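Coordinates in review
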Amino acid sequence: VVLECVPGQKEQLLALFARQDTPPAVLDQERLKPALRMILRAVFSDPVTVNQVADALYLSAPTAAKLIRECGQWLSSSGMQLQMVRNRGITLAGSESSYRQAVTAYLLMMVQPQDAQSELSYLFPQLDVALIQDCLVKVEKEWNFSFTDSSFVEILTCVCIASYENMQNQYLLKLNYDGEA
């Protein structure tokens, strides 16, 4: 295998290989998926604890804590901040748009497009995600337009979050809107 690159790319690659730490973009996404799933769902419910993550994923508490820190790195790319509060659990801080970006990124990077409905049903219990998805499909047909898979998932995510907030009358109280307390 031959890798051709311009001189600047070669130095960047060598520097990447020389470092021992793994950048957030290269983290093992399959390993993060179940923990992220639990953390993203906890925004609308009680905070999840390190022990709950450890039990659910059959990990030791220290290993689960490390995985949760990796989830924090991943979430920071969407503008979310993961906070571990002793005797309380794991909470997320950020704007509503950051939460939407995090959920959308989670669905687009870690879930097959055909599984988005079931993931959204998990993240937003008691929400009829199938009905929302059917409405979007009807809009596509009515407008004689087809969304790309990523656009469809993004629109479905935004509508689900807005509907669930309205249904729960919470409006993401656990998150700060646009930097406000």
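Just above sits the structure.
Throughout what follows, the structure given in this document is the object of discussion. Please read all numbers here as calculations on a predicted model, not as lab measurements. Each chain carries its own residue numbering, running from 1 in the direction its sequence is written. Per-residue local features of the predicted model are confined to residues with pLDDT of at least 70, and side-chain atom pairs are confined, for both listing and counting, to 80 or more; whole-chain, interface and lining totals are unaffected and use all residues. Computation of side-chain values covers all heavy atoms of the structure but excludes hydrogens and water.

So, the pairing of strand E1 (residues 81–85)
Here is the rule: DSSP-based pairing: two strands are paired if at least 2 bridges between them are found. Secondary structure elements are defined from DSSP: runs of H or I of at least 4 residues count as helices, runs of E of at least 2 residues count as strands, and each element is numbered from the N terminus.
Here E1 pairs with strand E2 (residues 89–93) via 5 bridges, running antiparallel. Its bridge partner being in E2, Val85 is matched across the sheet by Gly89. The antiparallel pairing of E1 with E2 creates a hairpin that spans 3 residues between the two strands, and Asn87 there sits at a positive phi of about 65°.

Observations regarding the nonpolar core
Rules: Side-chain atoms within 4.5 Å are what join buried Ala, Val, Leu, Ile, Met, Phe, Trp, Tyr and Cys residues into a set we call a nonpolar core. Think of it in three bands: residues with accessible area under 20% of the maximum for their type are buried, residues over 50% are exposed, and the middle band is partly exposed, with areas taken using a 1.4 Å probe on protein chains only. Every residue pair with non-hydrogen atoms within 4.5 Å of one another is taken to be in contact.
The biggest cluster of nonpolar side chains holds 44 residues, and the ones touching the most others in it are Ile39, Leu40, Leu75, Tyr99 and Phe124. Among the elements of the structure, helix H2 (29–41), helix H3 (50–57), helix H4 (61–76), E2, helix H5 (96–110), helix H6 (116–123), helix H7 (129–142) and helix H8 (149–168) are those that each provide at least two residues to this core. It is H5 that contributes the most residues to this core, 7 residues altogether. Filtering out sequence-adjacent residues up to four positions away, Leu75 remains in contact with Leu36, Ile39, Leu40, Met80, Leu82, Leu92 and Ala102.

A closer look at the packing of H6 against H7
Two measures define how a pair of helices packs: the angle their axes make with one another and the distance between the axes. Basically, it comes down to this: In this description, a line fitted to the C-alpha atoms serves as the axis of each element, helices being fitted only across the stretch in contact, and the angle between N-to-C directions of two axes falls anywhere from 0 to 180 degrees. Orientation labels follow simple angle bins: below 35 degrees gives roughly parallel, above 145 gives roughly antiparallel, 65 to 115 gives roughly perpendicular, and whatever is left gives oblique. Handedness of a helix crossing follows the sense of rotation of the near helix relative to the far helix, less than a right angle counterclockwise being left-handed and clockwise being right-handed. In the scheme used here, Gly and all other residues not listed as nonpolar or charged are polar, with Ala, Val, Leu, Ile, Met, Phe, Trp, Tyr, Cys and Pro taken as nonpolar and Asp, Glu, Lys and Arg as charged.
It is at 9 Å that the axes of H6 and H7 come closest, and there the two elements cross at 135°. Judged on the interaxial angle alone, H7 and H6 are oblique. As H6 runs across H7, the sense of the crossing is right-handed. Together, Gln117, Leu120 and Ser121 of H6 and Val129, Ala130 and Gln133 of H7 make up the contact between the two elements. Partitioning the contact of H6 with H7 into residue classes produces 3 nonpolar, 3 polar and no charged.

Some points on the pattern of salt bridges
Between side chains of opposite charge, a pair can form when the charged atoms approach closely. Convention followed: Put simply, a salt bridge is a Lys or Arg side-chain nitrogen that is within 4 Å of an Asp or Glu carboxyl oxygen.
Overall, the coordinates contain 3 salt bridges when judged by the stated rule. Across the salt bridge formed by Glu119 and Arg37, the nearest N and O atoms sit 2.9 Å from each other. With Glu119 in helix H6 and Arg37 in helix H2, this residue pair connects regions lying 82 residues apart in the sequence. For Glu119, a relative accessible area of 8% gives the class buried. A residue is classified by how much of its surface remains accessible, and Arg37, at 25% relative accessible area, is partly exposed. Among the ionic pairs, Glu96 bridges to Arg100, the shortest N-O distance being 3.4 Å. Here Arg100 and Glu96 lie together in helix H5, a separation of 4 residues that amounts to about one turn. For Glu96, a relative accessible area of 18% translates into the label buried. Judged by its relative accessible area of 27%, Arg100 falls in the partly exposed class.

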